[in-house]
Amino acid sequence: MKTLTKLYWMLTLIACMGLTSCGSDDPKSVNEEAFSSYYFTITMSEEGRDQGSLVMTTVSYTDYKGNLVSDVFDSSSDADYQTITSHEFTKVPASGNIVVTQSLRSGITYDKETYNLGAKLTVSLQSYSVGGSVISSRLSQKEESATLKVSNLSKVYPKTTTFKYTVAKDGTVTLQ
């Protein structure tokens, strides 16, 4: 009788194994730490009081579809700083350039001998996991200010600053 009972339980166990699976259908079982996306932000603060009225600042980068995107910082804003945020990118590994161009505005009448110019550019690059946690983050800043004579403005501008970034397959970012 013991043998039959033991055999019954073994056959029941074997029969039930065919009804189970190795994976889980529970959505919470998704690897929350797997790479999901990355994006960057560019913040500009005008360090020179004449920066916004004389200089136009443009940010250019290639979006996730391969199209060139150009955004202009709004100099009419009264905010202490302005931010431009890229589209979300999901394909890795990846690399690219963020190009910031500062150029003199056209049609300006110069009514002073010298101008106080300067800007602080901050680029922040972050990658995120499926669960929304930050995998990797980098920050790069470039700050400059100067008082320039009108005769030297065209020697300094246009000015281009390029930030280079990479995102590894695991979501690790670098920014130069």
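Report follows, based on the coordinates. In this text, all values refer to a predicted model and were calculated from it rather than measured experimentally.

**Topic: the sheet that holds strand 5 (residues 94-104)**
Phase 1 of the analysis: With antiparallel pairing, the five strands of this open sheet are ordered in space as 3-2-5-8-9. The open sheet terminates on both sides in strands that have one partner only, identified here as strand 3 (68-72) and strand 9 (173-175). Strand-to-strand twist in this sheet, taken as the mean axis angle between neighbours without regard to direction, amounts to 20 degrees.
Phase 2 of the analysis: The pairing of strand 5 with strand 8 (residues 159-167) spans nine bridges and is antiparallel. Residue N97 lies in a different strand from strand 8, and its bridge partner there is K164.

**Section: the packing of aromatic side chains**
Phase 1 of the analysis: Across all of its chains, the model carries seven aromatic pairs by this definition.
Phase 2 of the analysis: Centre to centre, the rings of F40 and F89 are 6.3 Å apart; their planes meet at 20 degrees, and the pair counts as stacked. A residue pair is termed long-range when its members are at least 10 positions apart, and F40 in strand 1 (residues 35-46) and F89 in the loop between strand 4 (81-85) and strand 5 qualify at 49 residues.
Phase 3 of the analysis: With a relative accessible area of 5%, F89 lands in the buried category.
Phase 4 of the analysis: Cluster of aromatic residues (ring-pair linked, three or more members): Y38, F40, Y61, F89 and Y165.

**What about the pattern of salt bridges?**
Phase 1 of the analysis: Per the stated rule, a full pass over the model turns up two salt bridges.
Phase 2 of the analysis: The salt bridge partner of K112 is D50, with a shortest N-O separation of 3.1 Å. Remark: D50 occurs in the loop between strand 1 and helix 2 (51-54) and K112 occurs in the loop between strand 5 and strand 6 (114-129); sequence separation between them is 62 residues.
Phase 3 of the analysis: Classification of K112 by relative accessible area gives partly exposed; the value is 34%.

**Regarding the sheet that holds strand 4**
Phase 1 of the analysis: Here we have four strands laid out as an open sheet, ordered 4-1-6-7, and antiparallel in their pairing. Whereas interior strands pair on both sides, the edge strands pair on one side only; in this sheet they are strand 4 and strand 7 (134-149). When the angles between neighbouring strand axes are averaged without regard to direction, this sheet yields 15 degrees.
Phase 2 of the analysis: Direction of pairing for strand 6 relative to strand 7: antiparallel, over a ladder of 15 bridges. Paired with L117 across the bridge in strand 7 is A146.

**Topic: the nonpolar core**
One broad trend across soluble globular proteins is that nonpolar side chains are buried collectively.
Phase 1 of the analysis: Membership of the largest hydrophobic core comes to 23 residues, with the highest contact counts inside it found for Y38, F40, V59, I98 and Y165.
Phase 2 of the analysis: The element that contributes the greatest number of residues to this core is strand 1, accounting for five residues.
Phase 3 of the analysis: Those residues in contact with Y38 that lie beyond four places of it in its chain are H87, E88, F89, K91, V92, A94, L125, Q126, S127, Y165 and V167.
Phase 4 of the analysis: In this structure, V55, L117, L148 and Y157 belong to the second largest nonpolar core, which totals seven residues.

Calculation notes
Residues numbered from 1 in each chain as written. Predicted model: local features only at pLDDT ≥ 70, side-chain atom pairs only at ≥ 80, totals over all residues. Heavy atoms only, no water. Pairing = 2+ DSSP bridges. Helix = DSSP H or I, 4+ residues; strand = E, 2+ residues; numbered from the N terminus. Axes fitted to C-alpha atoms, helices over the stretch in contact; angles between N-to-C directions. Phe/Tyr/Trp six-rings, centres within 6.5 Å; stacked < 30°, edge-to-face > 60°. Buried < 20%, exposed > 50% of the residue type's maximum accessible area, 1.4 Å probe, protein only. Salt bridge = Lys/Arg side-chain N within 4 Å of Asp/Glu carboxyl O. Core = buried A, V, L, I, M, F, W, Y, C linked by side-chain atoms within 4.5 Å. Contact = heavy atoms within 4.5 Å.

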